[in-house]
Amino acid sequence: MRIHELFQASEPAFSFEFFPPAGERGREDLLATIAELKPLRPGFVSVTYGAGGSTQDRTVELVSHIKNRMGLEAMAHLTCAGSSRAELRAVLDRLESEGIEDVIALRGDPPAGTTDFVPHPNGPAHASDLVAMIVEERRPFCVAVACYPEVHKEAASPRTDLKFLALKLAAGASFAITQLFFDNRFYFDFVQRATKAGIHAPIVAGIMPITNVTQIVRFTKMCGASIPEKLWAQLEVHREDSDAVARIGIEHASRQCSELLAAGVPGIHFYTLNRSRSTCDILTNIRTNAGSGGESSST
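This section reports on the structure supplied with the text.

Cut-offs applied
Residues numbered from 1 in each chain as written. Predicted model: local features only at pLDDT ≥ 70, side-chain atom pairs only at ≥ 80, totals over all residues. Heavy atoms only, no water. Helix = DSSP H or I, 4+ residues; strand = E, 2+ residues; numbered from the N terminus. Buried < 20%, exposed > 50% of the residue type's maximum accessible area, 1.4 Å probe, protein only. Contact = heavy atoms within 4.5 Å. Pairing = 2+ DSSP bridges. Right-handed = clockwise from strand over helix to strand, strands pointing away.

Re the environment of Met 70
(1) Moving on: Along the chain, Met 70 falls in the loop between helix H2 (56–68) and strand S3 (74–79).
(2) Moving on: The buried category is assigned to Met 70, whose relative accessible area is 12%.
(3) Moving on: Distance in space between the C-alpha atoms of Met 70 and Ala 35 is 8.0 Å, their sequence separation being 35 residues.
(4) Moving on: Excluding residues within four positions of it along the chain, Met 70 makes contact with Leu 31, Ile 34, Ala 35, Lys 38 and His 65.

Considerations on the side chain of Lys 67
(1) Moving on: Tracing the sequence through the fold places Lys 67 in helix H2.
(2) Moving on: Exposure remark for Lys 67: the relative accessible area of 16% places this residue in the buried category.
(3) Moving on: Filtering out sequence-adjacent residues up to four positions away, Lys 67 remains in contact with Met 1, Leu 72, Glu 73, Ala 74, Gly 99, Ile 100 and Glu 101.

Topic: the pairing of strand S2 (residues 44–47)
(1) Moving on: Alternating residues of S2 divide into Phe 44 and Ser 46 and Val 45 and Val 47, and every residue in both groups is buried.
(2) Moving on: For strand S1 (residues 13–18) and S2, the ladder comprises four bridges, and the chain directions are parallel. Residue pairing in the sheet places Phe 18 in a bridge with Val 47 of S2.
(3) Moving on: The parallel pair S1 and S2, bridged by helix H1 (residues 23–37), forms a crossover whose chirality is right-handed.
(4) Moving on: Bridging between S2 and S3 involves three bridges; their strand directions are parallel.

Considerations on unusual backbone geometry
(1) Moving on: Here Arg 138, not a glycine, exhibits a phi torsion of approximately 55°, which is positive.
(2) Moving on: Residue position: Arg 138 is located in the loop between helix H4 (127–136) and strand S5 (142–147).
(3) Moving on: By relative accessible area, which is 76% here, Arg 138 ends up exposed.
(4) Moving on: Phi at Asn 274 takes a positive value of approximately 65°, unusual for a residue other than glycine.
(5) Moving on: Mapping Asn 274 onto the fold places it in the loop between strand S8 (267–271) and helix H10 (277–288).
(6) Moving on: The exposure class assigned to Asn 274 is buried, which follows from its relative accessible area of 13%.

Now the structure itself:
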């Protein structure tokens, strides 16, 4: 199934993101996590792709296993970083041969220890170039792209950032998934600005349940997201209590999701970090409280 078809339905689509773990034990643990999440009926799941193609084989193997053996729609991440067009075509060939119909096209991050992205001399320089390559070759893929409610760290301005999203969609992408955010006002403002700019593709909200304070600080620093003061104050008090941090993360994400759903978001994509507990609890909460609104997560 091509994922963009999900957004033609009246109900929002829930989806989960995983990363390829190292080692056979890690793989077994991840498959157990996915099995635990499967009863939640996700519209699709995605599997990330390491910088420079470092997890390329594991990404392809995992999306194939998830779709063909576990019966869940699976989307593969694909990045420009470190790859020539020929190498990217080879990955696409493998995905196509495995019956995968969906990819998310990304530029990728600069290598660790550097600040500037340098494209492969024979590869695409931007996500929009990768989207165009896939579409121009008449590949049978639905292509998703990323977007940034709090503005990409390298964008000169919010307007410039929206221009890049428009380029990716004009190249042939069908929908966008946001970077993680913890204040819904960023999402609502972003969608409003995108609509005014003539962007009408579905914009799926990316939500990361907080489970570890040190980890979330690292993630937000990497991607340029912010943590609301009220939420940060709660996390600071309990930062050494993993159960309390997880509870705070579940409660905040549940409020976020309820507010997003009430506003008509087309979908919510959970960055699971290969764990099931928080995502299970959040989905249970929002389905139990569907239609009740709940406390705003905008402060």
